[in-house]
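Read off the chains here:
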Amino acid sequence: MGASFEPITARYFTMEIDGVAHRIFVEEAGQGIPLLCLHTAGADSRQYRHLLNDPAITSKYRVIAYDMPYHGKSNPPDKWWLQKYALTTRDYIAQIRAVWAALELVNPVVMGCSMGGAIVLKLAAQFQHELRGIVGLESAAYAPGRYNQYLHHPAIHGGEPVASYTYGLCAPSSPESSTRENWWYYSQSGPGVYAGDVHFYSIDWDGREDLKQIDTTLCKVSLLTGEFDYSCTPAMTRAAATAIPGARLVIMNGMGHFPMVENYPVFRTFLLPELEWMSL
């Protein structure tokens, strides 16, 4: 019996971010409206494998998921060892815009989860004239208190605590095979990468003023959060949605913090109507 290949194209490209070359890994499937997917802190594009294989989505959307620098199959920049990795809002925006430009995306929908769900709010505020819309999964405009010194500590195993912490953010009803899959991705994160991402999410990030700039007549906004998420709670996402006139809010029953990987069959029932609205 021959191999059964998935309809995903995976490749590398080199791009510049602030004049520095970066080798980036990207996966894509489908055709149509560009849908750029942003993974969570310390993880990589594998979180979107189910979405990349969903013909109900790829029949209308060109789904693109990339690994951030330092993550997954993407390399850190040259001489990365000379500085501590600490992601900032400015760096994150520059990186996404560089990918956006390198792949020549026109009026994309950008979907991100967790820290990706935060930064899409900033994208909608700054670049709404260039966007069809944003889909924020587990989105918060402000999420202090997540960072601590033990996220990267010489006396503590680098992968297992982070993987186990994030495992606990999944819904109790999500299949163990899927929640363990996300655990596995997190356990493979490079030393200090999760801590560096949380620096953005919990120390540098504050998008509360940005929400006031979003015009949903120019850029559609859908915010979806799992009922069991205690990192970005439903109340935090509701506060963001309330501050954006015209935003759509969905509290996903039975879901946790990683909907696209922890329980995709349930997640897609919430996502498909939002993507259909985005396509109109």
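Right above here is the structure, for reference.
All values derive from a computational prediction rather than experimental measurement.

1. A word on the nonpolar core
By size, the foremost hydrophobic cluster in this structure holds 64 residues, and its most contacted members are Leu36, Leu38, Tyr66, Tyr92, Leu123 and Phe200. Element by element, the count of residues in this core is highest for helix α4 (residues 115–126), at 8 residues. Those residues in contact with Tyr66 that sit more than four places away from it in its chain are Ile24, Phe25, Val26, Leu36, Cys37, Leu38, His39, Ser45, Gln95, Ile96 and Val99. Counting 28 residues, the second-largest nonpolar core is a separate cluster that includes Ile57, Leu224, Val250 and Phe270.

2. Considerations on the environment of Arg46
By secondary structure assignment, the location of Arg46 is in the loop between β3 (33–38) and α1 (49–52). With a relative accessible area of 25%, Arg46 lands in the partly exposed category. A sequence separation of 228 residues divides Arg46 from Glu274, and the C-alpha atoms of the two residues are 22 Å apart. Leave out the neighbours within four places in its chain, and Arg46 touches Glu27, Tyr185 and Gln188. In this structure the side chain of Arg46 is engaged in a polar contact, spanning 2.7 Å, whose partner is the side chain of Gln188.

3. Let's talk about a nonpolar patch on the surface
A surface patch of nonpolar side chains, about 400 Å² in accessible area, is lined by Trp80, Trp81 and Leu82. Tracing the backbone through its elements, the reader meets Leu82 in the loop between β4 (61–66) and α3 (89–102). Relative accessible area serves as the criterion here: at 64%, Leu82 is assigned to the exposed category.

4. Regarding the side chain of Thr179
Among the structural elements, Thr179 can be located in helix α6 (residues 176–187). Given the relative accessible area of 4%, Thr179 is considered buried.

Quick notes on the rules
Residues numbered from 1 in each chain as written. Predicted model: local features only at pLDDT ≥ 70, side-chain atom pairs only at ≥ 80, totals over all residues. Heavy atoms only, no water. Core = buried A, V, L, I, M, F, W, Y, C linked by side-chain atoms within 4.5 Å. Buried < 20%, exposed > 50% of the residue type's maximum accessible area, 1.4 Å probe, protein only. Helix = DSSP H or I, 4+ residues; strand = E, 2+ residues; numbered from the N terminus. Contact = heavy atoms within 4.5 Å. Polar contact = N/O pair within 3.5 Å; in protein donor to acceptor, adjacent residues only side chain to side chain. Patch = residues over 30% accessible without salt bridge, like charges linked within 9 Å, V, L, I, M, F, W, Y side chains within 5 Å. Areas by Shrake-Rupley, 256 points an atom, 1.4 Å probe, with all protein chains shown as cover. Salt bridge = Lys/Arg side-chain N within 4 Å of Asp/Glu carboxyl O.

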